[in-house]
Amino acid sequence: MKVMNCLFPSLFTAVLGTRRPIAPKYLGLFAFTAVCTAAPAFGAERIYINYGPLEQSVPIESLALFAKEGKIDSNLDGIAQYAKKSQLAEIRNALQAKAEISHVTIAQFLYTPQGEVLLQRLGRVIQTKARQPGFYAIRAALILAASDPEGLTILNVLRKFPTYGIRIDVARGFSIANQLTSLINRSNRTLAGVAQLSETQAAEESGIPPAEMLQIQEKGPYNWKKSSVTLTSPNRDRTFDMDIYLPQGSPQPAPVVVISHGLGSDRLSFQYLAKHLASYGFAVAVPEHPGSNAQQIQNLVTGKTNEVTEPAEFVNRPLDIKDLLDYLTKLSTTNPAYRGQLDLQRVGIIGQSFGGYTALTLAGAGINFARLDKDCQRENETWNLSLLLQCRARSLERNQYNFSDPRIKAAIAINPIASSILGETSLSQIQIPVMVIAGSADTVAPALLEQIQPFTWLTSPNKYLVVLENGTHFSTIEESPQSVFLPPPEVVGPEPALARRYLNGLSVAFMETYLNNKSNFRPYLQPNYALSISRNTLGLRILRSLTPEQLQQFGSAAPARNPAPPLPIDPPPVPSPPPVTPAPR
């Protein structure tokens, strides 16, 4: 998913700077500009804007003049009057922004099922002059622009559009914009409600006395040793690498924590977390999931595969973890270096994005085909980009997949994709302690749709909702040397180092509480503690409970006059190249 947000980061930044729900008038103008992002031109000279019986045309060179010199000629004056100067400046920056993505990368993604779904949706709004859907023209223009020396800029894309004119159906564009506005407003109201409820719960708690405060975000007392192994599945034609971090000098067998990376990531993406947990006496195993790792995205880019990930990965990922645990069980009895070192009856799992899905399936949730069939009927209409990945699971054989593993006693799901692939029926089956972590500015797996609402479906008595205010889908991911794409800072979001510190502390507190039964770590999972360490740039909120009724009330409530702090939910940029990392980790 990284490359989706890497494309035209200036547009993303312009929207990110809008800390309040976007006004319909400006959103319409933004929609027009974003539409231009996907509208190439190989010979295109004019953009025709249709709204009902009305039509206005704009020469592409007028946009070029505005972008290069800031001049608004008579052709643009009718549109520019609806925007503020600051908004025009943002649009001008967006028009000049260059996406550093190769034409091979663009081409490979646009021929994947996910890419074609996005092209179909864009093609309803962006058409040829003859009013034909722009599906093929958009794809051709993006590839041509990316291969041109000028690179992938909006203006170059416009010039590569393979017809004389580009026709934009404003009515449909406004319809899409209104859907987005509605989601943004509802998400912001919900996030404000969650923050207020967390603060209310925090006020009812007694804080941790300063003299007793543990610095759980700092390194623990144990040294550790790292080893790597290549594991071959005994029941599948599958081989994968795994890193093991073993604490040294532990007086008793160490509980095990498994970390599952997201789509397009690898086992180094959460190396920092593995080291931190190992320093507190946990043995940490970090597998690399072939077929949904960084190498898979590299294969997509080089033409070795035509899929972001195969549907089979929804099955293979949890089976990787089961094979890993079986291997460790055998290792602890046959290898002198590990004999008596591992407690495989106290296992925790942590996963991000696609790895979050993996963690929740092993915690007890099964694939929910009925929910997928229902939700994927609107796959071409949703703003939830993660649904494009989830719907690929419909291609699986319709078996009763049960990945629940009794060895796993606690689970943390970071930015999980879960709303449709698991759904309420499956998530309600989880009975072990579970923590769900959301980023309020996650445009890949939106917090409201993929974490907050699914949290209300959980029935486990020990459940936690954590919200990183201003956090994105990439906040907790550490840059790996194996990464194919590196998202720009605007996409990663503010203070990723702080986000990783938050995750370090939360993971230690959660696993100490529920794997080691240490009650003195439980206060570090309370709203009061989260509020005490929260920072304005990247806030931290924890909830122990949230009912569907409260969620509905938050979503329908009138916007607060002064929500503090603002909780931005930003629309995903269009168009989108290959999802990576997380993804629909």
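Conventions and cut-offs
Residue numbers restart at each chain and count upward from 1, following the sequence in its written direction. This being a predicted model, a pLDDT of at least 70 is required before a residue's local features are given, and a value of 80 or more before pairs of side-chain atoms are given or counted; all residues contribute to the totals for chains, interfaces and linings. Excluded from the side-chain calculations are hydrogens and water; all other atoms, namely the structure's heavy atoms, are used. Note on terminology: pairs of cysteine sulfur atoms within 2.5 Å are recorded as disulfides. Numbering of helices and strands runs from the N terminus; a helix is a DSSP stretch of H or I covering at least four residues, while a strand is a stretch of E covering at least two. For each residue, the accessible area found with a 1.4 Å probe, counting protein chains only, is set against the maximum for its type, and the residue is called buried under 20%, exposed over 50%, and partly exposed in between. DSSP calls a pair of strands paired once it identifies at least 2 bridges connecting them. In this analysis an axis means a line fitted to C-alpha atoms, helices contributing only their contacting stretch, and an angle means the value between N-to-C directions, from 0 to 180 degrees. By the convention used here, residues are in contact when the closest approach between their heavy atoms is within 4.5 Å. Take the buried Ala, Val, Leu, Ile, Met, Phe, Trp, Tyr and Cys residues and link them wherever side-chain atoms come within 4.5 Å; each set so joined is a nonpolar core. Ring pairs shown here join Phe, Tyr and Trp side chains whose ring centres sit within 6.5 Å, with only the six-membered ring taken for Trp; geometry is labelled stacked below 30 degrees between planes, edge-to-face above 60, and tilted in between. Two limits define a charge over a ring: the Lys NZ or Arg CZ must be within 6 Å of the ring centre, and within 35 degrees of the ring normal. The span expected for a helix works out to 1.5 Å for each residue beyond the first. This arc is taken over the directions from the axis of the helix to the C-beta atoms. When a carboxyl oxygen of Asp or Glu lies within 4 Å of a side-chain nitrogen of Lys or Arg, that pair is called a salt bridge.

Draft legend 1. Representation of the state of the cysteines within the structure. Per the stated rule, a full pass over the model turns up one disulfide. The disulfide partner of Cys376 is Cys391, and the S-S distance across this bridge is 2.0 Å. Between Cys376 and Cys391, the S-S dihedral sits near -100°, and the bridge is therefore left-handed. Pair noted here: Cys376 is in the loop between helix H16 (369-375) and helix H17 (386-390) and Cys391 is in the loop between H17 and strand E10 (408-414), with a separation of 15 residues, a long-range link. Note on accessibility: Cys376 and Cys391 belong to one class, buried.

Draft legend 2. Focus on the sheet that holds strand E12 (residues 463-469). Here we have nine strands laid out as an open sheet, ordered E5-E6-E8-E7-E9-E10-E11-E12-E13, and mixed in their pairing. Among the strands making up the open sheet, the edge pair consists of strand E5 (224-232) and strand E13 (539-543). Here the average twist between neighbouring strands, direction ignored, is 20°. In the sheet, strand E9 (residues 342-352) pairs with E10 via six bridges, with the strands oriented parallel. The residue bridging Gln352 from the neighbouring strand is Ile414, located in E10. Strands in contact with helix H11 (residues 170-203) are E12 and E13; relative to E13, the strand with the most contacts, it is inclined by about 70°. Contacts from helix H19 (residues 447-457) reach strand E11 (434-439), E12 and E13, with the element oriented near 155° to E11.

Draft legend 3. Quick peek at unusual backbone geometry. Phi at Asn415 is positive, roughly 45°, even though this residue is not glycine. Inspection of the secondary structure assignment puts Asn415 in the loop between E10 and helix H18 (423-427). Non-glycine residue Glu495 carries a positive phi angle of around 50°. With respect to the helices, strands and loops of the structure, Glu495 is situated in the loop between helix H20 (489-492) and helix H21 (496-514).

Draft legend 4. Local environment of the nonpolar core. Judged by nonpolar contacts, the single largest core of 129 residues is most densely connected at Leu328 and Ile367. Filtering out sequence-adjacent residues up to four positions away, Ile367 remains in contact with Phe314, Tyr357, Leu372, Leu396, Tyr401, Phe403, Ile421, Leu422 and Ser426. In terms of nonpolar packing, the next biggest core, distinct from the first, is built from 48 residues, Ala278, Ile350, Ile412 and Phe510 among them.

Draft legend 5. Spotlight on the packing of aromatic side chains. Enumeration over the complete set of coordinates arrives at 13 aromatic pairs. For the ring pair Phe135 and Tyr136, a centre distance of 4.7 Å and an interplane angle of 70° mean the geometry is edge-to-face. Accessibility expressed as a relative area gives 12% for Phe135, which makes it buried. With centroids separated by 5.3 Å and ring planes inclined at 80°, the aromatic side chains of Phe314 and Tyr357 adopt a geometry described as edge-to-face. Pair noted here: Phe314 is in helix H14 (residues 313-334) and Tyr357 is in helix H15 (residues 354-363), with a separation of 43 residues, a long-range link. Taking the relative accessible area as the measure of exposure, Phe314 reaches 0% and is therefore buried. What links up through ring pairs into an aromatic cluster is the set Phe314, Phe354 and Tyr357. Stacked on the ring of Trp383, the Lys or Arg Arg121 has its end atom at 4.7 Å from the ring centre. The ring of Tyr48 has Lys129 sitting right over it, with the charged end atom 5.1 Å from the ring centre.

Draft legend 6. Looking closely at the sheet that holds strand E2 (residues 54-59). Read from one edge to the other, the open sheet built from four strands follows the order E2-E1-E4-E3, with strand pairing classed as mixed. Lying at the two open borders of the sheet, with one neighbouring strand each, are E2 and strand E3 (126-128). When strand polarity is set aside, the average angle formed by the axes of neighbouring strands in this sheet is 30°. Of the pairings in the sheet, the one linking E3 to strand E4 (residues 165-169) comprises three bridges and is antiparallel in character. Pairing of Thr128 across the sheet is with Ile166, part of E4. Helix H4 (residues 60-69) rests against strand E1 (46-51), E2 and E4 of the sheet, and its axis sits at about 55° to E2.

Draft legend 7. Structural view of the pairing of E4. Along E4, four of the five residues are buried, which leaves the element largely enclosed by surrounding structure. For E1 and E4, the ladder comprises five bridges, and the chain directions are parallel. Considered in E4, the bridge of Ile47 is made with Ile166.

Draft legend 8. Representation of helix H6 (residues 85-96) in the model. Between the first and last C-alpha of H6 there are 17 Å, a value that for 12 residues agrees with the 16 Å anticipated at 1.5 Å per step. Within H6, the full set of buried residues consists of Gln87, Leu88, Ile91, Ala94 and Leu95. Viewed along the axis of H6, the buried residues span an arc of 120°, placing them on a single side of the element.

Draft legend 9. Region of the structure containing the pattern of salt bridges. Within this structure, the stated rule accounts for 25 salt bridges. For Asp243, the salt bridge goes to Arg267, with nearest N and O atoms at 3.0 Å. On the criterion of sequence distance, the pair formed by Asp243 in strand E6 (residues 239-247) and Arg267 in the loop between strand E7 (254-260) and helix H12 (271-278) is long-range, its members being 24 residues apart. For the pair shown, Asp243 and Arg267 are each scored as buried. Note that Glu288 is salt-bridged to Arg267, the shortest N-O span being 2.9 Å. Of the two residues, Glu288 is situated in the loop between strand E8 (283-287) and helix H13 (294-301) and Arg267 in the loop between E7 and H12; the sequence distance between them amounts to 21 residues. Look at the salt bridges and you will find they share partners, linking Lys226, Asp241, Asp243, Arg267 and Glu288 into a network.

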